[in-house]
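As a plain string of letters, each chain reads:
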Amino acid sequence: MIWVNDIVQGVLLGGLYALFACGLSLMFGVMKVINLAHGDLAVVAAYLAAGLVTVLHMPTALSILVSIPLFAIIGYVLWRTVLQASLNRSVLTTLLVTFGMSIVIENALQQFFSANSRSLSIGALATDHFNVGSQITVGYLDLAILIAAVVVLLGLQLFLSRTRQGRLIRAVADDREAAQLAGADYRHIFGIAAAIAFGTVAVAGTAYGVYTTFDPTTGTTQLLLLFAFEAVVIGGLGSLWGTLVGGILLGVVQDIGAQISTADLLLAGQLFFLLVLVIRPQGITGSRRTA
Amino acid sequence: MTGGPLLEVRDLTVHHGQLRALYEVSLSVGVGETYAMIGANGAGKSTLLRAIAGLDRPTSGSITLDGVDVTKLRPERRVASGIVLVPEGRRLFSSLTVAENLKVGASYARKGPWTISRVYELFDWMRDRRGQRADQLSGGEQQAVAIGRALVANPRLLLLDELSLGLAPAVVRRIYGILPELLATGVTVLLVEQDVSQALAVAARVHCLLEGRTTLEGEPAGLTPASIEAAYFGLAGPAGLPQERP
Amino acid sequence: MSARTRQPASVSAAGLAPGVRVTRSRRSAIWSGLGAIAVIAVLAYLPYRVYSGTTSLLVNFFILLILASMWNLLAGYTGLVSVGQQAFFGFGSYFVLIGALHGVDPFVGLPIAVVGCAALGLVVWWLLSRLRSGYFAIATWVVASVCYLIIIRYPSLGGGTGEFMPGLPNINIKYLDAYIYWTTLAVTAITLVCVYLVLRSRLGLELTAVRDDETGARSVGVRVGRAQLLVFVIAAAGCGAAGALEVISAPYLQPGPAFSVQWSAEMIFAVLIGGIGTIEGPIIGTIVFFALQQWLAHYGTWYFIVLGLIAISVAIWAPRGIWGLISDRLKLFPVGYWLWPAGQRLGPPEAAVAGEDAEQVT
Ligand SMILES: Nc1ncnc2c1ncn2[C@@H]1O[C@H](COP(=O)(O)OP(=O)(O)OP(=O)(O)O)[C@@H](O)[C@H]1O
Ligand SMILES: [Mg+2]
């Protein structure tokens, strides 16, 4: 029965990856842009939450009420200034520019904050857990993060399928020129999609800060971007539920790897991703070739 | 209304990179008129329509709608002023349903007679299949949705690029059959058609392009088949052009 | 794009017209070559004149120059953006370390590391060759992370904490530094000559065709896969050489820094700022990089933040980089064809000033 618990833990870990992945998945799906600064932006969100907690004495959970809109604004402005301009050049330029942003953010964090690692506190919830049967342990925090991932994905899904803005986002993603012919300013619509994606990054970064410690280089050393991207690709591009499946699969594989030795947690996940990339680049749920 | 023509294109030159696709083309379309552009493949007809809709930037020349210069406006702003294009190859939002395609078309609509339910009346099959994904429709059905998506924006000037592309003759006839109903709501139509007889049948005036240059313009009644053929293929021009019949 | 694909036609047409010449390199290439030899001679003489602090700095400069040239060859001429070249850099270091731990002289280990990294490059290309654009970029990063995760499994190589490399010749530190400097200088010169020769070869022409229009190049018979494979392997070998030089010049090897994405950042920033897709770009970019690093040395990582911001701005608003701004005036190492219309003798025609050299078929 012990392996059932491993899988449960893997699923819970997958919730965190899925939460990280939804913003990346949205921007990739709509603008065909991979934001290589995604992981570092999440770390910025964690620092922002830490600042709100210490300066404004806000409870961590409530800090996202400030950080989500703030990140949304940053996302919109960044899109309308730098990112749209780089996409106008080429997709490769967006890669170079977001990679540059990633490195700049990381070094700026190092400049402004010490290299010491920090964490966000949410009191007893961080360690409390309940048991299912005699073998399975479920942490309240882990469960909360998984639920947050499901809620964010469900919210995105509903937004995209039910609202006028969501419909316009899907239309622009399908055919930018045709959307212009219907009167839509695709740059504005892209900006809105970026705003939403950045809003989810604020949630993911805060969740990560609560889940474990972070420091200025966490974005690249803890491979946050890579895990997010892997969840997107494993699940299949363009499918938000696929992203959840991808995150969970990645979490489970890592947890199985960790059973071999703790050091192999990451290696197992990376090798699994490369395997998927080589064998099934369209992902588990995808049907088209997208790579 | 100024009393002048609705659309006035003056000395329009458009380049695609190094290639010059239009050479100082001028035309004017009156209110309520049906105006047809004809010409062989690559003559520049789509380029002209795209330039009027704002998708292709002209190198020189001007475009005015009802006396207002729109040459510098972005395509989405031209929709607001009443220019709507049904692009070549339909270009539906393929992952959206029929109804969603129409809703997107209505997102930035001007006030006017056309609504989504009026489009459903125009194409009676459409209401029942509004939940279907656009990429599952047949070519003729897609063309109808593309027209509907343009109509719900309530255009003053409707640009139609090769409605008949890839469609069976019966389907083409049905599509063109709705033209009178559009005109009855006060829409002005500028259309591109490769099938010359079709163009002559529906348009009040035709305009022929050959390699980006105007070779003929006039009312169908005043044109002889020989003059049209000469303008279409450029028989007086350089030899070696394709001799296929329209 | 259409202009480029058109050009070969005009070249062959020009061949028929009397009085028109087509040349590969202009006479300036010879002068540039002589100049380069002079520069190398002066640089080689330096250890006799300056303190070893200066030569150590130059060693770092050359290592970055090698990395930048390799990344430029890959991204600038095949359009493949890798952010995982640190995989080869790190393995270059570790190959030398492994050899040294088994008694192989590190200077002998260097060529072995180069061959090893070329082989590794072959394997990685086999894995990733179907991927493009962002998929390729992230996959290279994942490969680098896998390399790191594999290395830290071996306690004999220092595991996660690092290992001192034994086996450097037991001589006066001054002479050792000079040897390291000369070795680095030689490897750098060889690398740059290789890049020049690759780009002058038929392969270089194919690469440019692929970069500008992959489908078009395929349709005229360019073996795209083979061209990209070759460049990827060369870039892997070059980055491996840089890694080997790094461990020889700083013999305490830690896996974290060796496989750090920071290396990718450095090469990318240098190339973008200098001018991507030119031979001269990485040289200029590396000089700017080091100048800024020295100038802002007292302000922590600010130099790197500034470099990053400049690189981002250049990529968006001046994508041909610093060299692009001056190259219309002169070309040190021309690798393209020059078309000389009949009766015209001097300099590129006016059209060349208008932007991309209109008369040059690169
Ligand atoms: N995006 C583009 N880039 C480069 N050249 C283009 C582009 N679009 C059109 N052209 C060229 O411009 C010329 C005019 O094309 P256009 O599409 O306007 O012709 P057309 O009359 O609509 O032809 P068809 O009847 O085949 O639709 C052609 O030579 C075409 O190859
Ligand atoms: Mg056309």
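Draft legend 1. Representation of the overall build of chain A in the model. Summing up its helical and strand segments, chain A has twelve helices and two strands in all. Sequence-ordered secondary structure for chain A, helices as α and strands as β, is α-α-α-α-β-β-α-α-α-α-α-α-α-α. Here the C-alpha atoms of chain A give a radius of gyration of 19 Å, agreeing with the 19 Å that 2.2 N^0.38 yields for 291 residues. In terms of its C-alpha atoms, chain A occupies a principal-axis envelope of roughly 60 × 45 × 35 Å. Buried positions account for 57% of the 291 residues belonging to chain A. Contacts in chain A between residues far apart in sequence, at least 24 positions, make up 74% of those at least 6 positions apart. Only carbon and sulfur atoms are counted for the fraction: they give 66% of the accessible area of chain A, which is about 10800 Å². Counting 13 positive and 13 negative side-chain charges, chain A places the averaged centre of each group 17 Å from the other.

Draft legend 2. Representation of the packing of aromatic side chains within the structure. All names here are of chain C. Enumeration over the complete set of coordinates arrives at 34 aromatic pairs over all chains. Here the aromatic rings of Phe91 and Phe259 are separated by 5.9 Å at their centres, their planes lie at 75°, and the arrangement is edge-to-face. Of this pair, Phe91 sits in helix H4 (residues 86–101) while Phe259 sits in the loop between helix H11 (255–258) and helix H12 (262–274); the two residues are 168 residues apart in sequence, bridging distant segments of the chain. Look at Phe91 and you get buried, because its relative accessible area is 13%. A residue is classified by how much of its surface remains accessible, and Phe259, at 6% relative accessible area, is buried.

Draft legend 3. Geometry of the interface of chain C and chain A. The interface is formed by 41 residues belonging to chain C together with 43 residues belonging to chain A. Note on chain C versus chain A: buried area summed over both sides is about 3800 Å², and carbon and sulfur give 79% of it. Taken as a group, Tyr135(C), Ile138(C) and Trp141(C) account for 20% of the area that chain C buries against chain A, more than any other trio of residues on that side. Among the ionic pairs, Asp264(A) bridges to Arg153(C), the shortest N-O distance being 2.4 Å.

Draft legend 4. Region of the structure containing the site of ligand 1. All names here are of chain B. In the vicinity of ligand 1 lie 14 residues, with Gly42, Lys45, Ser46, Thr47 and Glu88 positioned nearest. Interatomic distance of 3.4 Å between a side-chain N/O atom of His16 and a nitrogen atom of ligand 1. Here an oxygen atom of ligand 1 sits 2.9 Å away from a polar atom, N or O, in the main chain of Gly44. Protein chains bury 60% of the 630 Å² of accessible surface belonging to ligand 1 in isolation. Of all the secondary-structure elements, those providing two or more residues to the shell around ligand 1 are strand E2 (19–29) and helix H1 (45–53).

Draft legend 5. Structural view of the coordination of the magnesium ion (ligand 2). Every protein donor of the magnesium ion (ligand 2) is listed here as Ser46(B) (OG) and Glu88(B) (OE), and their distances to the metal cover 1.9 to 2.6 Å. Taken together, the positions of Ser46(B) in helix H1 and Glu88(B) in the loop between strand E6 (83–86) and helix H3 (98–106) put the pair 42 residues apart, joining distant regions of the chain.

Draft legend 6. Expanded view of the pattern of salt bridges. Under the counting rule described, the total for this entry stands at 15 salt bridges over all chains. Its salt-bridge partner being Arg50(B), residue Glu177(A) comes within 2.9 Å of it at the nearest N-O pair. A residue pair is termed interchain when its members come from two chains, as with Glu177(A) in helix H7 (residues 176–181) and Arg50(B) in helix H1. Here Arg226(C) ties to Glu206(C) by a salt bridge, and the two come within 3.5 Å at their closest N and O atoms. Here Arg226(C) is found in helix H10 (residues 224–249), whereas its partner Glu206(C) is found in helix H8 (residues 202–212), with 20 residues between them in sequence. Here Arg226(C) falls in the partly exposed class, since its relative accessible area comes to 38%. Taken together, the salt bridges that share partners define one network made up of Asp175(A), Glu177(A), Arg50(B), Asp56(B) and Arg91(B).

Draft legend 7. Molecular detail of the pairing of strand E3 (residues 34–39) of chain B. Residues and elements named next belong to chain B. Within E3, six of the six residues are buried, which leaves the element mostly enclosed by the surrounding structure. Pairing geometry for E3 and strand E8 (residues 188–192), over four bridges, is parallel. When the sheet's bridge partners are listed, Met37 is paired in E8 with Val192. Sheet analysis places E3 next to strand E9 (residues 205–210), joined by five bridges and oriented parallel. Counted as the bridge partner of Tyr35 is Arg205 from E9.

Draft legend 8. Layout of the sheet that holds E9(B). All names here are of chain B. Pairing is mixed in the open sheet, where six strands are placed in the order E6-E7-E8-E3-E9-E10. Every other strand in the sheet has two partners, leaving E6 and strand E10 (213–218) as the edge strands with one partner each. Strand-to-strand twist of the sheet, defined as the mean angle between neighbouring strand axes without regard to direction, takes the value 15°. Both E9 and E10 contribute to a ladder of five bridges, which runs antiparallel.

Draft legend 9. Examining the side chain of Gln86(C) more closely. Looking at where Gln86(C) falls in the secondary structure, it is placed in helix H4. Excluding residues within four positions of it along the chain, Gln86(C) makes contact with Trp141(C), Ala144(C), Ala258(C), Phe259(C), Ser260(C), Val261(C), Trp263(C) and Ser264(C).

Draft legend 10. Up close: the sheet that holds strand E1 (residues 7–16) of chain B. All names here are of chain B. Strand order in the open sheet made by the four strands is E2-E1-E4-E5, with antiparallel pairing throughout. With one partner strand each, in any of the chains shown, E2 and strand E5 (68–69) form the two edges of the open sheet. Two strands pair when backbone bridges link them, and E1 and strand E4 (residues 58–65) are joined in this way by six bridges, in the antiparallel orientation. Directly across from Glu8, in E4, lies its bridge partner Thr64. Along the sheet, H1 contacts E1, E2 and E4; its crossing angle with E1, the most-contacted strand, is approximately 115°.

Cut-offs and rules
Each chain has its residues counted from 1, following the order in which its sequence is written. Just so you know, chain letters begin at A and ligand numbers begin at 1, following the order they were written in. Local features in this predicted model are restricted to residues of pLDDT 70 or higher, and side-chain atom pairs are both shown and tallied only at a pLDDT of 80 or more, whereas totals for entire chains, interfaces and linings draw on every residue. Side-chain measures here rest on the full set of heavy atoms in the structure, leaving out hydrogens and waters. Comment: elements are numbered from the N terminus, with helices defined as DSSP H or I runs of at least four residues and strands as E runs of at least two. It is over C-alpha atoms that the radius of gyration is taken, and the globule rule equals 2.2 Å times the number of residues to the power 0.38. For the exposure calls, accessible area comes from a 1.4 Å probe over protein chains only, and a residue counts as buried if that area is under 20% of its type's maximum, exposed if over 50%, partly exposed in between. Pairs of residues are marked as contacts when any of their non-hydrogen atoms sit within 4.5 Å. Accessibility throughout is a Shrake-Rupley quantity obtained with a 1.4 Å probe, and a residue counts as covered only by protein chains that appear here. Counting rule for charge: Lys and Arg are taken as positive, Asp and Glu as negative, and neither His nor the chain ends is counted. Note on charges: their place is set at NZ of Lys, CZ of Arg, CG of Asp or CD of Glu. Each pair of aromatic rings taken from Phe, Tyr and Trp, with Trp reduced to its six-membered ring, is defined by centres within 6.5 Å and is described as stacked if the planes are under 30 degrees apart, edge-to-face if over 60, and tilted in the remaining cases. The term buried area means the drop in 1.4 Å probe accessible area that two parts suffer when joined, counted for both and summed. Think of a salt bridge as a Lys or Arg side-chain nitrogen and an Asp or Glu carboxyl oxygen that are within 4 Å of each other. Throughout, the term near means that a residue has one or more heavy atoms lying within 4 Å of the molecule or strand in question. Within 3.5 Å is the distance limit for a polar contact, defined as a pair of N or O atoms, with the added protein rule that one can donate a hydrogen and the other accept it, and that residues adjacent in sequence qualify only through two side-chain atoms. With water omitted from the atoms examined, metal sites may look incomplete; donors here are N, O and S atoms no farther than 2.8 Å from the metal, or 3.2 Å in the case of Na, K and Ca. Should DSSP find at least two bridges between two strands, the strands are regarded as paired. The angle between two axes is taken between their N-to-C directions and runs from 0 to 180 degrees, where each axis is a line fitted to C-alpha atoms and a helix contributes only its stretch in contact.

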